[in-house]
Each structure stands twice: as structure tokens, then as C-alpha cells.
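# Secondary and tertiary structure notes
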Amino acid sequence: MKKIIVALSLFSTFALQAQQKEVVITLQELTPDIQMLTGQGGNIGVFKNEKGLFIIDDQFARLSSKILTKLKPISDQPVTMVVNTHFHGDHTGGNENMSKQGATIFAQKNVRKRMLNNQKQKGQINKSSLPVITFEEGLDLYFENENIVVTHVHNAHTDGDALVYFAQGNVLHMGDTFFNGRYPYVDLRSGGSILGYIKASEKALVLIDDETKIIPGHGKLASKKDLQTFLSMLKTITENVQKEITKGSSEQDIINNTKLTEVYDKKGYGDGFISSERFRKTIYASLTSKK
Ligand SMILES: [Zn+2]
């Protein structure tokens, strides 16, 4: 038995090391000053300005040094600002490392609240990982050649989501209110809702035009057309589920009813993190929630 345990723990150590080694950080230039960084976890937006680097989200703590190395050629100045699009660990895990090297972190106020609550539950308060500036509905940032509009969208992926729009560069980072080509994760336990999720996409569409480059929380760089496709997927499936609820279908009926998502299942929307079954279940739960 002991041998098995030793073998297993060795295996998991190796597996973990292999997993860490495999993460490749890539940069994609969107404008001369704005890039999209991918690695593991949520996509990062990078904006080079006269004061240093402004980044949107920071993936996991173990990737911070790799990310910072990748950013070095962009600017000889450090990361001075981080905005978190929401509280999930694959978007905020690097906060502590970024703040230790001098960055100011800001986010919607529920992001700080949820991060702090999670830390309290674990009995490990770590203030340096928390946003130091919070906002309620949004804020505007002015740089020499760029204005950034940060807008809170209510009860979408979570209750603390923010869209970050670069007005001059015409780039929008949507955090996890957009999973490009995939069924999204709607975190109902953290204040997310399917109707809020739909509204977030609608709000984003008001901000942008045909030329806008959209950084989704997960998935490839997107255009307005991709977001419109995603929104019609959300609306169609939500309507399908609502019709079934009105007819008196149970949760299990909806989970079993593959017809409700069939069109998009065929396009591969359920091949990612959220399966079509899980997505139907989430929409049912969200639409019938008493909150
Ligand atoms: Zn998330």
C-alpha cells in the first residue's frame, strides 16, 4: 500500500511539474499599444502607456514570472496597474505578485468582497492580493493617447464583472462574460445569472463597432460578429428552456432534452469546459431561481 501511495504522489508531482512546464505564454498584437496574452486561465489584455504597463487580469500566481518575462520586451517600465474583470482565481491568481512589484489593483467592489470572504474561509487573509481601488458602476482612465472605460455589468458571469473598453485602440476585454464559441460558465453561486449574461453581451454591443477587436475571457480573439453569434446562442437556448419550463417540464426533463441545444452542440459549443448538459441545467436553475 505504502509503495502505491509513494508512487501515486510521485506521479502527481511529476504530472504537476509537466503541466507547469507545458504552459506556453503567447502574445498577439492588436494595436501598436495593445496586446492579448494567452497562457493558462483567462486571457490577459496588455496596454503599454507612458507610465508603464496596464494589464487586465493576471492568470495564476505560478505563471507570474513567466508572464512578466514575456512582457519585458514590450516596455522597460513595470506593470503599474491591474484591473480584474471578476474574482475567479484564473483571472486574479497573479495579483499578489503584481502588487509586490508595485502594481495598483482595482476591480468592482464585489470582487474584493468575494476574494476576502474566500480568504477568511480558508483562514488565510492576504491583503496584498486584493484590489486596493474598487468601484461600483465603473470608472474612466485617461492616458496620453488612450481613454479606457471600465463598466460594471450586473449579475452576469458573477456579481462583480467588468467590461474594459479602449476607446482609441477600439479593443474590448469582456472577461468571462464572453466565452468565444463555447457555452459559458455562469457562476450562479457567486451572483451570476443567464439573463444578466445576455444583458452583458447586449451592453457590449452598444460600445463597439464592426472594427472592434474583442478579447474574450476564454477562447480566441473575436469580432463583433462572433459576439452577435454568441448572443443569439444564449438567447435561443434560454428561450428554448423557458418554453419547456412554462410547459411544466422538470429539471431532469431539461437536462435530458438534447434538442434544446442541438444546433449549437453540433457547432462544438459543448466541447469546452461546460458541456451542453451542464449548460441546460444551469439555465434551468437560473430561470427558476427565486432570487
Ligand atoms: Zn470566471
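Source: prediction; values computed, not measured. (Residues numbered from 1 in each chain as written. Predicted model: local features only at pLDDT ≥ 70, side-chain atom pairs only at ≥ 80, totals over all residues. Heavy atoms only, no water.)

### Some points on the overall build of the protein chain
- If you tally the helices and strands in the protein chain, you get 10 helices and 12 strands.
- For 291 residues, the compact-globule formula gives about 19 Å, and the C-alpha radius of gyration of the protein chain, at 20 Å, lands near that figure.
- Relative to its 291 residues, the protein chain shows a buried fraction of 48%.
- Counting contacts in the protein chain only where the partners sit at least 6 residues apart, residues at least 24 apart contribute 62% of the total.
- Accessible surface computed for the protein chain: about 14500 Å², of which carbon and sulfur atoms make up 52%.
- Charge-centre separation for the protein chain: the mean point of 36 positive side chains lies 8 Å from the mean point of 31 negative side chains. (Helix = DSSP H or I, 4+ residues; strand = E, 2+ residues; numbered from the N terminus. Rg over C-alpha atoms; globule rule 2.2 N^0.38 Å. Buried < 20%, exposed > 50% of the residue type's maximum accessible area, 1.4 Å probe, protein only. Contact = heavy atoms within 4.5 Å. Areas by Shrake-Rupley, 256 points an atom, 1.4 Å probe, with all protein chains shown as cover. Lys, Arg positive; Asp, Glu negative; His and termini not counted. Charge placed at Lys NZ, Arg CZ, Asp CG, Glu CD.)

### Some thoughts on the sheet that holds strand S3 (residues 44–49)
- The 7 strands are arranged S1-S2-S3-S4-S5-S6-S7 in an open sheet whose pairing can be described as mixed. Single-partner strands in this sheet number two, and they are strand S1 (26–29) and strand S7 (133–135). With strand direction ignored, the average angle separating the axes of adjacent strands in the sheet is 20 degrees.
- Contacts from helix H2 (residues 64–71) reach S1, strand S2 (34–38), S3, strand S4 (52–56) and strand S5 (79–83) within the one sheet, and its direction differs from that of S1 by about 40 degrees. (Pairing = 2+ DSSP bridges. Axes fitted to C-alpha atoms, helices over the stretch in contact; angles between N-to-C directions.)

### Some words on the packing of helix H6 (residues 194–207) against helix H7 (residues 224–247)
- Where H6 contacts H7, the axes come no closer than 10 Å and their chain directions differ by 155 degrees. Here H6 lies roughly antiparallel to H7, going by the angle between them. The handedness of the crossing between H6 and H7 comes out as left-handed. Touching Ile194, Leu195, Tyr197, Ile198, Ser201, Glu202, Ala204 and Leu205 of H6 are Lys224, Leu227, Gln228, Phe230, Leu231, Leu234, Lys235 and Thr238, all from H7.
- Counted by class, the contact of H6 with H7 contains 10 nonpolar, 3 polar and 3 charged residues. (Parallel < 35°, antiparallel > 145°, perpendicular 65-115°, else oblique. Left-handed = near helix turned anticlockwise from the far one by under 90°. Nonpolar A, V, L, I, M, F, W, Y, C, P; charged D, E, K, R; others polar.)

### Let's talk about the pairing of S2
- Of all 5 residues in S2, 4 are buried, a share of seventy percent or more.
- Between S1 and S2, which pair antiparallel in sequence order, lie 4 residues.
- Across 4 bridges, S2 lies against S3 in antiparallel orientation. Within the sheet, the bridge partner assigned to Ile34 lies in S3 and is Phe47.
- Connecting the antiparallel pair S2 and S3 is a turn made up of 5 residues, with Gly41 showing a positive phi of about 100 degrees.

### Section: the pattern of salt bridges
- Enumeration over the complete set of coordinates arrives at 7 salt bridges.
- Put simply, Lys100 and Glu96 hold a salt bridge, and the shortest N to O gap is 2.8 Å. Taken together, the residues Lys100 and Glu96, both in helix H4 (residues 95–100) and 4 residues apart, mark about one turn of the helix.
- Here Glu96 falls in the partly exposed class, since its relative accessible area comes to 24%. (Salt bridge = Lys/Arg side-chain N within 4 Å of Asp/Glu carboxyl O.)

### What about the coordination of the zinc ion?
- The coordination sphere of the zinc ion contains the protein donors His86 (NE2), His88 (ND1), His157 (NE2) and Asp176 (OD), at a distance range of 2.2 Å.
- Taken together, the 4 donor atoms coordinating the zinc ion and their angles of 85 to 170 degrees define a geometry best described as irregular.
- Each donor residue of the zinc ion belongs to the same chain, with the gaps between them written as H-x1-H-x68-H-x18-D. Of this pair, His88 sits in the loop between S5 and helix H3 (89–92) while Asp176 is found in the loop between strand S11 (171–173) and H6, placing the two residues 88 residues apart along the sequence. (Donors = N, O, S within 2.8 Å, 3.2 Å for Na, K, Ca; no water. Tetrahedral: all angles 85-135°; square planar, octahedral: opposite > 155°, others 65-115°.)

### Looking at the nonpolar core
- If you look at the biggest cluster of nonpolar residues, it comprises 35 residues, and the most contacted ones within it are Leu227, Met233 and Phe279.
- Those elements that provide at least two residues to this core are strand S10 (161–166), H6, H7 and helix H10 (276–288).
- When residues in this core are grouped by element, the largest group, 7 residues, is from H7.
- Not counting chain neighbours up to four residues away, the residues in contact with Met233 comprise Arg182, Tyr183, Pro184, Tyr264, Tyr269 and Phe279. (Core = buried A, V, L, I, M, F, W, Y, C linked by side-chain atoms within 4.5 Å.)

### As for H7
- With 24 residues, H7 extends 35 Å from end C-alpha to end C-alpha; this agrees with the ideal 34 Å at 1.5 Å per step.
- All of the buried residues along H7 are Lys224, Leu227, Phe230, Leu231, Met233, Leu234, Ile237, Thr238, Val241 and Glu244.
- Packed against the buried residues of H7 are H6, strand S12 (213–215), helix H8 (251–256), helix H9 (262–266) and H10.
- Positive phi shows up at Gly248, right after H7, with a value of about 100 degrees. (Expected span 1.5 Å × (residues − 1).)

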